[in-house]
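Structural overview for review
Here is what each chain is made of, one letter per residue.
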Amino acid sequence: MKEFAHSQVSTLLRRLAAQVKRTAEVADADSVHDLRVAIRRLSRALRSFAQFFPAKQWKRIRKELSNLMEAAAAVRDNDVALELVEKAGAAERARVALTLQARRGEAEAELREELRNWQGRGFAREWREALEL
Amino acid sequence: MSRSRTPWNQRESAEVNARRRLPRMMSGYFAEVREALADKHSPAALHRVRLASKKIRYTLELFRQCYGAAGFDARLKALKDVQTSLGDVNDAVTTWRLLAKVMPHSPRRRALREYLKKRAADRAEEFRAHWSERFDAPGRERWWTEFLGGRDGTKDGAQGSAGDETAVRGRRARQRPSRKTGA
């Protein structure tokens, strides 16, 4: 069972690393969505299989994942709002749409900077060691 | 879902662990949602259901390889449909919170608020109908627990799912925004 848990987390960590790279390059709505899913999957795996990892480490990593999720949510909330505002009949050039686009741009810049920091520090390798994978 | 810190038996395989634990987790999920929905008009209740749905879905996904693919995927689709309705409710609520911060008071703001309120209410109603008529219809909990417990009589556990889910997908396709499912 421990091997299974480690294998699952290892796979999900590898997928997250790939998605971090992708979203750091292109942070469109789909890419941000996929990043959020990758974060959730890894976070849930760590929680579900917590007994097979050092407690201090899986908790710390989940906290970091939660912080990254917040940065991604800031982008995603604006994407969803833009879509719904458009559905409600507001033109793309409407002031509210322009405001949302500007906020989205700022949130995206912050997210991409955070992702580059994650890549720069080699988070995947660091976590593999911490989790004894 | 169980809050036990050590739910898995290290001496047993993943398959054995899954068959022992997941049916109970799924029953816990059904019980949690039924209890939340008893509080009929509470947005907080729907939020709890949304979180519980995510939790069970992502936990189940970890064990996909322990089950027959067709049966497992049919069940996950059913769960995704639940999540999609709940996600739509949440999107409308979140969008209104965001717009309330960035839009000055105006007729346009009021109109958007009404649109989002109605959308959230419609989707919440749709979710409740879907839950009671399909996901939690008589026999459905057993459809889940027998499969997860490895006691399903069909070859891969897919039986009984296609018609229901096709109907749900058709309705979803007509109503939901274009963003991806699966969050």
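Okay, so let's go over this structure. Note that the coordinates shown come from a computational prediction; the quantities given were computed from them, not determined experimentally. (Residues numbered from 1 in each chain as written. Chains lettered and ligands numbered in written order. Predicted model: local features only at pLDDT ≥ 70, side-chain atom pairs only at ≥ 80, totals over all residues.)

**Focus on the overall build of chain B**
The test is simple: Numbering of helices and strands runs from the N terminus, with a helix taken as a DSSP run of H or I at least four residues long and a strand as a DSSP run of E at least two residues long. With C-beta atoms placed from the backbone, a contact is any residue pair whose C-beta atoms sit within 7 Å.
Looking only at helices and strands, chain B has six helices and zero strands in total. Helices (α) and strands (β) of chain B occur, in sequence order from the N terminus, as α-α-α-α-α-α. Considering only intrachain contacts with a sequence separation of at least 6, the fraction spanning at least 24 residues in chain B is 78%.

**Some points on the overall build of chain A**
Just so we agree on the cut-off: Our exposure labels follow a C-beta count within 10 Å of each residue's own C-beta, placed from the backbone: buried means 20 or more other C-beta atoms, exposed means 12 or fewer, and partly exposed covers the counts in between.
What chain A contains, in helices and strands, is five helices and zero strands. Counting every position in chain A, which comprises 133 residues, the buried fraction comes to 38%. In chain A, once contacts between residues fewer than 6 apart in sequence are set aside, the share between residues at least 24 apart is 68%.

**What about helix α3 (residues 55-87) of chain A?**
Keep this limit in mind: One fewer than the residue count of a helix, multiplied by 1.5 Å, yields its expected span. Take the seven residues that end at a residue and the seven that start at it, fit an axis to each, and the angle between those axes is the bend at that residue.
When the terminal C-alpha atoms of α3(A) are compared, their 46 Å separation across 33 residues agrees well with the 48 Å that a helix rising 1.5 Å per residue should span. Along α3(A), the sharpest change in direction is near 25° and occurs at Ala73(A).

**Focus on the interface of chain B and chain A**
Rule in force here: Ten residues, namely Ala, Val, Leu, Ile, Met, Phe, Trp, Tyr, Cys and Pro, are considered nonpolar, four, namely Asp, Glu, Lys and Arg, are considered charged, and the remaining ones, Gly among them, are considered polar.
Each side of the interface is counted separately: chain B has 31 residues, and chain A has 26 residues. Of all the secondary structure elements, the ones that give two or more residues to the side of chain B that touches chain A are α1 (14-38), α2 (43-61), α3 (69-102) and α4 (107-135) of chain B. A breakdown of the residues in the side of chain B that touches chain A according to their chemical character gives 14 nonpolar, nine polar and eight charged.

**Looking at the nonpolar core**
Side chains that are nonpolar tend, in soluble globular proteins, to be buried together. For the record, the criterion: Buried Ala, Val, Leu, Ile, Met, Phe, Trp, Tyr and Cys residues form a nonpolar core when they are connected through C-beta atoms within 7 Å.
Formed by 66 residues in total, the largest nonpolar core has its most connected members in Leu16(A), Leu42(A), Leu46(A) and Ala81(A). Ranked by residues supplied to this core, first place goes to α3(A) with ten residues.

**What to know about the environment of Gln83(B)**
Here Gln83(B) shows up in helix α3. Sequence separation of Gln83(B) and His130(B) is 47 residues, and the distance between their C-alpha atoms is 11 Å.

**Quick notes on unusual backbone geometry**
Positioned with a positive phi, Glu132(A) is a non-glycine residue whose angle comes to about 60°. For Glu132(A), a count of 10 C-beta atoms within 10 Å corresponds to the exposed category.

**Some points on the packing of α3(A) against helix α4 (residues 95-120) of chain A**
For any two helices packed against each other, the geometry comes down to the angle between their axes and how far apart the axes lie. All names here are of chain A. What counts is decided by this rule: Interaxial angle, 0 to 180 degrees, is taken between N-to-C directions of lines fitted to C-alpha atoms, where a helix line uses only the stretch in contact. Between 65 and 115 degrees an angle is taken as roughly perpendicular, under 35 as roughly parallel, over 145 as roughly antiparallel, and anywhere else as oblique. Crossing handedness is defined as follows: a turn of the near helix away from the far one that is anticlockwise and smaller than a right angle gives a left-handed crossing, while the clockwise case is right-handed.
In contact at an axis separation of 9 Å, α3 and α4 are set at 160° when each is read in the N-to-C sense. On the basis of their axis angle, the class for α3 and α4 is roughly antiparallel. Two packed elements cross with a definite hand, and for α3 against α4 that hand is left-handed. Here Leu-68, Ala-71, Ala-72, Ala-74, Val-75, Asn-78, Asp-79, Ala-81, Leu-82 and Val-85 of α3 come into contact with α4, specifically with Val-96, Ala-97, Leu-100, Gln-101, Arg-103, Arg-104, Ala-107, Glu-108, Glu-110, Leu-111 and Glu-114. The residue inventory of the contact of α3 with α4, partitioned by class, reads 13 nonpolar, two polar and six charged.

**Re the packing of helix α2 (residues 29-48) of chain A against α2(B)**
It is at 9 Å that the axes of α2(A) and α2(B) come closest, and there the two elements cross at 80°. Considering their axes alone, α2(A) and α2(B) lie roughly perpendicular with respect to each other. Taking contact as the criterion, the partners of Arg40(A), Arg41(A), Arg44(A) and Ser48(A) in α2(A) are, on α2(B), Lys54(B), Lys55(B), Tyr58(B), Thr59(B) and Glu61(B). Counted by class, the contact of α2(A) with α2(B) contains one nonpolar, two polar and six charged residues.

**Description of the environment of Ala74(A)**
Tracing the backbone through its elements, the reader meets Ala74(A) in helix α3. Put simply, Ala74(A) and Phe53(A) are 21 residues apart on the chain and 30 Å apart in space, counted from C-alpha to C-alpha.

**A look at the environment of Asp77(A)**
Position of Asp77(A) relative to the elements: it lies in helix α3. C-alpha of Asp77(A) to C-alpha of Arg104(A): the two residues are 27 residues apart in sequence and 8.4 Å apart in space. With residues up to four places along the chain from it excluded, the contact list for Asp77(A) reads Thr94(B) and Leu98(B).

Without other data, these values stay purely geometric and don't point to any function.
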